[in-house]
Amino acid sequence: MKGYLRNDGRKGIRNITLVVYLVECAHHVASRIARAFDDDVHLIGFSGCAPNNYAEHIMHRLCTHPNVGGVLLVSLGCENFQRNRLQADIRQSGRPCELIVIQEVGGTRSAIQRGIDAVLNIRKDRCCTMETEFTWKDLVIGTVCGGSDATSGFTANPSVGSTFDYLVSQGSTCIFEEPGELVGCEHMLRERGRTPLVGQQLFDCILKADRYYKKMGHDSFSAGNAVGGLTTIEEKSLGSYCKNGSQPIEALIYPGDLPNMPGLYMMDVVPDGEARWGFPNINDNAEIMEMIACGCHTILYTTGRGSVAGSAISPVIKVCANPVTFSNMEDDMDINAGRIITEGASLQDIRQEILACIERTASGIPTKSECLGHQEYSLGYKSFCAISSQ
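Keep in mind that this is a model prediction, so the values were computed, not measured. Residue positions are given per chain, counting from 1 as you read along its sequence in written order. With the structure being a predicted model, the display of local features is reserved for residues of pLDDT at least 70 and the display and counting of side-chain atom pairs for 80 or more, all residues being used for whole-chain, interface and lining totals. Note: side-chain values were computed over all heavy atoms of the structure, leaving out hydrogens and water.

Asker: Looking at this structure, how should I read the environment of His27?
Answerer: A run of H or I in DSSP becomes a helix once it reaches four residues, and a run of E becomes a strand once it reaches two; helices and strands are each numbered from the N terminus. Take His27: it is sitting in helix H1 (residues 27-35). Each C-alpha atom of the pair His27 and Phe46 lies 8.8 Å from the other, and the pair is 19 residues apart in sequence. The criterion used for residue contact is that any of the two residues' heavy atoms lie within 4.5 Å. Not counting the four nearest positions on each side in its chain, His27 is found in contact with Tyr21, Leu43 and Tyr377.

Asker: Explain the state of the cysteines to me, please; I cannot follow it from the model alone.
Answerer: In protein structure, a disulfide is the covalent linkage between the sulfur atoms of two cysteines. Criterion for a disulfide: a pair of cysteine sulfur atoms at a distance within 2.5 Å. Applying the stated criterion across every chain, the model contains zero disulfides. Free cysteine Cys185: the closest other cysteine sulfur is in Cys242, separated by 8.5 Å.

Asker: So what exactly am I meant to see when it comes to the environment of Ala312 here?
Answerer: In this structure, Ala312 sits in the loop between strand S12 (298-303) and strand S13 (316-320). Assessed through its relative accessible area of 0%, Ala312 is described here as buried. In the structure, Ala312 is positioned 96 residues away from Met216 in sequence and 29 Å away in space, judged by C-alpha atoms. Burial here depends on accessible area, computed with a 1.4 Å probe over protein chains only, as a share of the maximum for the residue type. Under 20% is buried, over 50% is exposed, and the range in between is partly exposed.

Asker: It is not clear to me how the sheet that holds strand S3 (residues 16-21) should be interpreted in this structure. Could you clarify?
Answerer: The pairing of strands in a sheet happens through backbone hydrogen bonds and is either parallel or antiparallel. By the convention used here, strands pair only if DSSP detects at least 2 bridges between them. One open sheet accounts for four strands, arranged S4-S3-S5-S6; its pairing is parallel. At either end of the open sheet lies a strand with only one pairing partner, and these are strand S4 (41-45) and strand S6 (97-101). The sheet shows a mean angle of 20 degrees between the axes of neighbouring strands, taken without regard to direction. In this structure, S3 lies alongside strand S5 (residues 68-75), joined through six bridges in parallel fashion. Residue Leu18 lies in a different strand from S5, and its bridge partner there is Val71. Axis angles are defined between N-to-C directions and span 0 to 180 degrees, where every axis is a line fitted to C-alpha atoms and, for a helix, only to the segment in contact. Set on the sheet, helix H3 (residues 83-92) makes contact with S5 and S6; between it and S6 the angle comes to about 165 degrees. Of the strands in this sheet, S3, S4, S5 and S6 touch helix H5 (residues 108-126), which is tilted by about 165 degrees from S5.

Below, the structure is given as structure tokens:
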């Protein structure tokens, strides 16, 4: 596997350029700039005008992610986002970073042309990044599930759990999340905490998610889950629980936290405090971006019903639980875990396929979602006590 060495010692498996809009009013200009280039230029952004510590923290982490080689920031000019501070932080990380302020350069046409010229210059500097060897010990990998059905809990999800167990044993860093889909599993999570304190934090995280979901008047059980054969949130939770394997859980982290040692981590995505601004589980891509902000090089995405979501910055590897879905959506799926049903394949067989796919991805071979041009992203408002205090 090959990687790109960054100034902070971390290694990336991609060397992309980001075009980042800092308020919704700059979205169109940023989009036109990004569309002028190939798939190695990705568009992300924050739509809000009001300030939010969480959003600025996540954007900082995304722009200095090891898969990112350079950044163009696109500002309208009157939003609250701290654009100059963000640019300084990105440049301090050793990455080229340019800033376009639409109100200061003459409007849409001028900003688009200046942005295209800036990206051309950034890509030249980005190409000077040193390539290096990439090993399992360098890998940070996350997992999510979407479009779960009755097959998810005994094909794709435990296969990913087995993969996580292997990766942790090899010195990788693995991250799981979705506390709203682990309701009922809090006792098992508590028992797996590396320390009693971590165990209690995991337990409390699930209880917070349950309270928040009830306050918002919904849960994570969808009509599609029911059509796919799932019957209760508890059944769905047990299937989701399988994705994280059986290793001790080192710590509970927040979006944008960078784990300081290898091992297994749970990410809390449900905002602290009363239900306001933030909204848990608004979509899978919001949670994928939060894991990427924690340093994930790639994401294992399990699905039974089928999903076409990919992501900006870090490749998504689709692990399909249902063999019928795989046959129907093969262009979008990387791994057919449904072979456990149709061919009697073992969890270890599927694990080996997943590991081989990770190796290919880390060596530069695009995943199915990358081949199709998927670069989804989502970043909104949330509030976390730990982030607000930074």
